[in-house]
Amino acid sequence: MNTEHCDVAVIGGGPAGSTAAALLARRGHRVILLEKAHHPRFHIGESLLPMNLPLFERLGVLEQVRALGVVKPGADFEADNERGYNTFAFCRALGNSPPHAFQVWRADFDRMLFQHARSCGADPREGHEVRQCEQLGPRDTRLEVRTDGGDTYRLAARYLVDASGRDTFLAARRKLRRRNRLHQSAAIFGHFRGAETRPGEDAGNISIYRFEYGWMWMIPLPGDVMSVGAVCRPEYLKQRRGSTLEFLRATLQRSPGLWRRLARAELIDDKVHVTGNYSYDSRRIGGPGWVLVGDAFAFVDPVFSSGVYLAMSGAEQAAKAVDRALRQPAAEKSLLRALERRYRNGIRRFSFFIYRFNDPVMDRLFRQPSNRLQIEQGMISMLAGDLFDTPAVLRKLQLFKLVYAVGCLRDWRRWRTERSYRLAQARTHFSGGNTPLDRA
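Residues numbered from 1 in each chain as written. Predicted model: local features only at pLDDT ≥ 70, side-chain atom pairs only at ≥ 80, totals over all residues. Heavy atoms only, no water.

Description of the overall build of the chain
And step 1. Secondary structure summary: the chain contains 15 helices and 21 strands in total.
And step 2. Compactness check: the chain gives a C-alpha radius of gyration of 22 Å against a globular reference of 22 Å for 440 residues, within 12% of the reference.
And step 3. Principal-axis analysis of the C-alpha atoms places the extent of the chain at approximately 65 × 45 × 40 Å.
And step 4. Relative to its full complement of 440 residues, the chain shows a buried share of 60%. (Helix = DSSP H or I, 4+ residues; strand = E, 2+ residues; numbered from the N terminus. Rg over C-alpha atoms; globule rule 2.2 N^0.38 Å. Buried < 20%, exposed > 50% of the residue type's maximum accessible area, 1.4 Å probe, protein only.)

A closer look at the layout of surface pockets
And step 1. By volume, the second largest pocket is sized at about 410 Å³.
And step 2. Lining the second largest pocket are 18 residues, and of these Leu-365, Gln-368, Ser-370, Ile-375 and Val-403 sit closest to its centre.
And step 3. Counting residues per element, the ones that place at least two in the lining of the second largest pocket are helix H11 (360–367), helix H12 (375–384) and helix H13 (391–410).
And step 4. Residue contributions to the lining of the second largest pocket peak at seven residues, all from H13.
And step 5. Among the residues making up the lining of the second largest pocket, the classes are represented as eleven nonpolar, three polar and four charged. (1 Å grid on protein atoms, 1.4 Å probe; cavity = no way out; pocket = protein on both sides within 12 Å on 5 of 7 lines; lining within 4 Å. Points joined across faces, edges and corners; volume = space filled by probe spheres on them. Nonpolar A, V, L, I, M, F, W, Y, C, P; charged D, E, K, R; others polar.)

Notes on empty space enclosed by the protein
And step 1. Taken as a whole, this structure holds four cavities of 30 Å³ or more when the rule is applied.
And step 2. In this structure, the largest cavity is lined by 15 residues; those nearest its centre are Phe-299, Val-300, Ser-306, Leu-310 and Ile-347.
And step 3. Elements supplying a minimum of two residues to the lining of the largest cavity: strand E21 (298–299), helix H9 (307–327) and helix H10 (332–356).
And step 4. Top contributing element to the lining of the largest cavity by residue count: H10, with five residues.
And step 5. Classifying every residue of the lining of the largest cavity gives nine nonpolar, four polar and two charged.

Re the nonpolar core
And step 1. Phe-109 and Phe-304 are the most contacted members of the largest nonpolar core, which totals 119 residues.
And step 2. Looking at which element gives the most residues to this core, the answer is H9, with twelve residues.
And step 3. Not counting residues within four places of it along the chain, the set of residues in contact with Phe-109 comprises Pro-15, Leu-48, Phe-56, Val-65, Leu-68, Val-104, Val-308 and Met-312.
And step 4. With 25 residues, the next largest nonpolar core counts Ala-195, Met-226, Leu-262 and Ala-265 among its residues. (Core = buried A, V, L, I, M, F, W, Y, C linked by side-chain atoms within 4.5 Å. Contact = heavy atoms within 4.5 Å.)

Some words on the pairing of strand E12 (residues 186–193)
And step 1. Burial analysis of E12 places seven of its eight residues in the buried class, which makes it a mostly covered element.
And step 2. Here E12 runs beside strand E15 (residues 225–232); their pairing, made up of eight bridges, is antiparallel. Following the sheet pairing, Phe-189 is matched in E15 by Gly-229.
And step 3. Pairing of E12 with strand E16 (residues 266–267), which is carried by two bridges, proceeds in the antiparallel orientation. The partner of Phe-192 across the bridge, within E16, is Leu-267. (Pairing = 2+ DSSP bridges.)

Some points on the packing of H11 against H13
And step 1. Two elements in contact, H11 and H13, have axes whose closest approach is 9 Å; the angle formed by their N-to-C orientations is 125°. What the angle tells us is that H11 and H13 run oblique. Classified by chirality, the crossing of H13 by H11 is right-handed. Every residue of H13 that contacts H11 at Val-361, Met-362, Arg-364 and Leu-365 is listed here: Phe-400, Val-403, Tyr-404, Gly-407 and Cys-408.
And step 2. Taken together, the residues of the contact of H11 with H13 sort by class into seven nonpolar, one polar and one charged. (Axes fitted to C-alpha atoms, helices over the stretch in contact; angles between N-to-C directions. Parallel < 35°, antiparallel > 145°, perpendicular 65-115°, else oblique. Left-handed = near helix turned anticlockwise from the far one by under 90°.)

A short note on the pattern of salt bridges
Opposite charge on two side chains permits them to pair, given that their charged atoms come into close proximity.
And step 1. For the coordinates displayed, the defined rule picks out 28 salt bridges.
And step 2. A salt bridge links Glu-4 to Arg-125, with the shortest nitrogen-to-oxygen separation between them at 2.9 Å. Here Glu-4 is found in strand E1 (residues 3–11), whereas its partner Arg-125 is found in strand E7 (residues 123–126), with 121 residues between them in sequence.
And step 3. Taking the relative accessible area as the measure of exposure, Arg-125 reaches 12% and is therefore buried.
And step 4. The network of salt bridges with common partners includes Glu-4, Arg-30, Asp-123 and Arg-125. (Salt bridge = Lys/Arg side-chain N within 4 Å of Asp/Glu carboxyl O.)

Brief notes about helix H14 (residues 412–426)
And step 1. Compared with an ideal rise of 1.5 Å per residue, which puts 15 residues at 21 Å, H14 spans 21 Å between its outermost C-alpha atoms and is within 8% of the ideal.
And step 2. All of the buried residues in H14 are Glu-418, Arg-422, Leu-423, Gln-425 and Ala-426. Seen from one end, H14 has its buried residues packed into an arc of 160°, which puts them on one side. Opposite its buried face, H14 presents the exposed residues Arg-413 and Thr-417, each directed more than 90 degrees away. (Expected span 1.5 Å × (residues − 1). Arc of directions from axis to C-beta.)

Examining the packing of aromatic side chains
And step 1. Tallying each qualifying case throughout the model produces 21 aromatic pairs.
And step 2. With a centroid separation of 6.2 Å and 70° between ring planes, the pair formed by Phe-211 and Tyr-213 is classed as edge-to-face.
And step 3. The exposure class of Tyr-213 is partly exposed, given its relative accessible area of 21%.
And step 4. Between Tyr-213 and Tyr-236, the ring centres sit 4.6 Å apart and the planes meet at 20°, which makes this aromatic pair stacked. With Tyr-213 in the loop between strand E13 (206–211) and strand E14 (214–221) and Tyr-236 in helix H6 (residues 234–237), this residue pair connects regions lying 23 residues apart in the sequence.
And step 5. The buried category is assigned to Tyr-236, whose relative accessible area is 3%. (Phe/Tyr/Trp six-rings, centres within 6.5 Å; stacked < 30°, edge-to-face > 60°.)

Regarding the sheet that holds strand E11 (residues 177–179)
And step 1. As summarised here, the arrangement of the three strands in space is E11-E18-E21, forming an open sheet in which the pairing is antiparallel. The sheet terminates laterally at E11 and E21, the two strands that pair on one side only.
And step 2. One ladder, built from three bridges, connects E11 with strand E18 (residues 280–282); its direction is antiparallel. Note that in E18 the partner of Arg-177 across the bridge is Ser-282.

Structural notes on the side chain of Lys-396
And step 1. Among the structural elements, Lys-396 can be located in helix H13.
And step 2. Although Lys-396 is buried, it makes no salt bridge; Glu-376 carries the closest opposite charge, 13 Å away.
And step 3. Once you skip the residues sitting within four places of it in the chain, Lys-396 turns out to touch Leu-94, Leu-373, Gln-374 and Gly-378. (Lys, Arg positive; Asp, Glu negative; His and termini not counted.)

This is the structure we're talking about:
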């Protein structure tokens, strides 16, 4: 087999991989981006965050995203008021996060980023799957790649960026991947045409509903389409019997408010997606000559739409680290350590809310928000993805945790019951997914 040489090989042509490839190519490196499928390809994660927008601008794709997306002015959560929901408008956030985000078809969004990597000088290849990986030294990684046409070739790379998503190519082979022992969930969803949007300026909101086994979403997409689904405790999805379509309908009916908005809607092609357990992380983010970015490193739960932002933000930071490590190898260890610390801090801050989202205290705080001491605005900043560099936001989130702790003391029996249930579900495994990732 012929051996090609490059500075950086990137595995995975999703948002993280395409971002890393584009930025490293701009810095003058020869980058080969390997995607085993062909764009456009199916993927979940259609709702973006306001903090994605400055990153899009730095990457040079903001106008392309705007053309692809529906403006998302905020997030709304079911509440016991006249409207039936509370809106957390991004324009009220603390700090400098943008006043809106976008919601996109991921197939179109991912394809645009992949093509943008080419325009930046990277060499993106579709239908090229990495089958084997061997590291001969800190700057010598050998990959065996098979094309979907049946050909095989070798790559020799000075650095390897793993952006393989839930495939976790390197983490699985190095035995770094570990299940999240505090939280576990699975999802069932579909795309509906003709669903009712929120009125007026809330029309582009993502809407979140709770039910006894998890939470549900409604995400407006281009073309009068609504992504609708439920993230459930694994035990609930394991009860599924008979038709997946009927199970989805029965699940969505558990939320009267959501179901009313689907009264005149039609499920497109009667197609239902189910995806299995996806809460995990890796023991470390990288080592000499390799780094994990995006879902190849960790993923928790999509309730706050953090996946794409964390993936692209992590890829941007990783690209800086890889570029400097190639030029100054002595700095690599400290660069990776700082990268991992930043990424874990972001995940930890999101996870505080994710783990507790279904408990009665958190439910009450979202149903009856108070802006005393700007705590509600701190929550909005969290929903916007501003969890890294704004001290005022981090201080308000600490105050929120204090308010939450007081609420737990007042309702400790129900809090303890929900916590015990969540931890028990974290030990439950569900393998009944039907998406390409689950089949892989």
